[in-house]
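Fold and geometry: a report
Chain by chain, the residues:
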Amino acid sequence: MAQFFQAKKKTLSGQSLTLAITGMDHQGRGIAKHNNKVCFVSGALTGETVKAKLIEDKARYSAAKTVKVDHRSDARVKPFCEYYQQCGGCQLQHLRLDQQLVEKQLAVSQLFAKFAKLDAMNWQVPLLSESTHYRRSARLAVMFDKTAKKMRVGYRAQGSKQIVSVQHCAVLSDAFTDIFTVFDELLNQYNELRSVSHIQLCQADEQNFVVIRHTKTISDKLKNTIAALGLTHQWQIIWQGETQHINHDHVAMPFYQLPELGLKFEFGLENFIQVNAQVNQAMLSQAVDWLNLNGDDQVLDLFCGIGNFSLALANNAKTVVGVEGVASAVAMAAQNAQTNHIANAHFHCFDLTQNMQQAPWFSKELDILVLDPSRTGALAILEQLPLKQFKTILYVSCDPVTLARDSAIITQAGFSLQKIGLMNMFPHTGHIETMALFQRR
């Protein structure tokens, strides 16, 4: 039998380092030097000296976790959540809120310099919201703990499948204040509920939905008991079996309104909506302002979802063409156009990672491009589009790395970056949402 050499993994436990933190990366980690390579240090801030435990050592970089802060930054604050450093969310609670924005903006600037070779950045005022209780949707993890012999409900621990049991969440909407304690009791009271795998929360404008995902049959009697309990908390309980579709036809359709734009958006519970309602409203108003459409403009809105940007722009455009790869979202976008009496917005289902040569939705008359892709960015479609036919490109990003990478393609096609601004969709986290406006030179 052939024997193949396998390199032994380095044992990192117990390796303690003293590190000087020179900056922060786009994930909110401190940056230091160790063994002549970059070391990313979770829990550390710019200007600090920390003792850290090495947790990863690669050829080009290493990673460490702060154990003790020897020299503190003036921007370091006490985290407000008792589950901080256990739960996998809100990684930046130890950093003062205003400084979070400073570090995020600097991280984006550095990525643009690296990938797009752009140094002059016309930064606009960030879009903000309340810094707590801003999440109108969330997904709670559920699992049976064999050691404790009980069901746990909470959030995943950072970098782990383990669940951190919590009793409250400071960034979750007040509509779900009691969700953890109520379901901790329910899940451990009824053995039938051991097949529950997760709980999805969504606050619409007039209803609060709790979707319970389960893998085995649950009796109607128990479902009715939980539904009645849910109503005492003003929650609509929705049951989701092994199908991917969430059936909520028996209740009024969830919706959110945008008063400043006079729009109403209905959505299915499996559809994507922005988590932060305040920032979503501000983001759409800013898009309308930045684009300043003249009534003759023809807009191509790629990754349009349920029509969030398409319908916000339609009143000032000649026509809007929205394209999205998820069929249910496209159907909702078309329905929302009808609900809002908008006749100049048209929607198509198309996988934007595929060849667009025969795409029926593309026209040479389109002159404004709006992009709102997932974290993977818009590389596949940008490499195919005849970008020079557009006079303006608005890019809405939830990942600064792919934004910077894609911006290199846009600027190489003859565009200048006119404006850029942060949208603080997720305060206290390492997530960075950005809007960038490009004009053809």
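Heads up: these notes are all about the structure in this document. (Residues numbered from 1 in each chain as written. Predicted model: local features only at pLDDT ≥ 70, side-chain atom pairs only at ≥ 80, totals over all residues. Heavy atoms only, no water.)

On to unusual backbone geometry, then. At K117, a residue that is not glycine, the phi angle is positive and equals roughly 55°. Mapped onto the elements of the fold, K117 is located in the loop between α1 (97-115) and β7 (137-145). (Helix = DSSP H or I, 4+ residues; strand = E, 2+ residues; numbered from the N terminus.)

In this section: helix α8 (residues 400-412). A rise of 1.5 Å per residue sets the reference length of α8, with its 13 residues, at 18 Å; its end C-alpha atoms lie 18 Å apart and thus fit the reference within 8%. Every buried residue of α8 is listed here: P400, T402, L403, A404, D406, S407, A408, I410 and T411. A side-chain oxygen of the first residue of α8 lies 3.0 Å from the backbone nitrogen of V401; this N-cap is D399. Trailing α8 by a residue or two, G414 shows a phi angle of about 105°, which is positive. (Expected span 1.5 Å × (residues − 1). Buried < 20%, exposed > 50% of the residue type's maximum accessible area, 1.4 Å probe, protein only. Polar contact = N/O pair within 3.5 Å; in protein donor to acceptor, adjacent residues only side chain to side chain.)

Quick look at the pattern of salt bridges now. Under the counting rule described, the total for this entry stands at 11 salt bridges. Of the charged contacts, one joins K51 and D70 as a salt bridge, the two residues approaching to 2.9 Å between their closest N and O atoms. Of this pair, K51 sits in strand β5 (residues 49-57) while D70 sits in strand β6 (residues 61-71); the two residues are 19 residues apart in sequence, bridging distant segments of the chain. Where E56 meets K58, a salt bridge forms, and the shortest distance between an N and an O atom there is 3.9 Å. Judged by its relative accessible area of 29%, E56 is partly exposed. Owing to a relative accessible area of 42%, K58 belongs among the partly exposed residues under this scheme. Connected through shared salt-bridge partners, D297, D367 and K391 make up one network. (Salt bridge = Lys/Arg side-chain N within 4 Å of Asp/Glu carboxyl O.)

On to the packing of aromatic side chains. Scanning the model with the defined rule gives 7 aromatic pairs in all. Between F350 and W361, the ring centres sit 5.5 Å apart and the planes meet at 75°, which makes this aromatic pair edge-to-face. In this pair, F350 is assigned in the loop between β17 (345-349) and β18 (368-371) and W361 in the loop between β17 and β18, connecting sequence segments 11 residues apart. Judged by relative accessible area, which is 15%, F350 ranks as buried. Looking at W361, the relative accessible area reads 3%, which means it is buried. Three or more aromatic residues link up through ring pairs in this structure, and these residues are Y256, F265 and F267. Positioned over the ring face of F40 is R29, at 4.2 Å from the centre of the ring. The side chain of R136 reaches across the aromatic face of Y256, ending 4.7 Å from its centre. (Phe/Tyr/Trp six-rings, centres within 6.5 Å; stacked < 30°, edge-to-face > 60°. Lys NZ or Arg CZ within 6 Å of the ring centre and 35° of its normal.)

The next subject is the nonpolar core. Core analysis: the biggest nonpolar cluster contains 87 residues, and I179, F183 and V210 have the highest contact counts within it. In terms of residues, this core owes the most to one element, helix α4 (residues 277-291), which gives 7 residues. Once you skip the residues sitting within four places of it in the chain, I179 turns out to touch L140, L172, L201, V210 and W235. (Core = buried A, V, L, I, M, F, W, Y, C linked by side-chain atoms within 4.5 Å. Contact = heavy atoms within 4.5 Å.)

What follows covers the sheet that holds strand β11 (residues 208-214). Read across the open sheet, the 6 strands follow the order β9-β8-β7-β10-β11-β12; overall the sheet is mixed. Looking at which strands have only one partner, the edges of the open sheet turn out to be β9 (163-165) and β12 (236-240). For this sheet the average axis-to-axis angle between neighbouring strands, irrespective of direction, equals 35°. Here strand β8 (residues 150-156) pairs with β9 via 3 bridges, running antiparallel. Pairing of G154 across the sheet is with S165, part of β9. In this fold helix α2 (residues 179-189) packs onto β7, β8, β10 (196-203), β11 and β12, with an angle of close to 150° to the strand it touches most, β8. (Pairing = 2+ DSSP bridges. Axes fitted to C-alpha atoms, helices over the stretch in contact; angles between N-to-C directions.)

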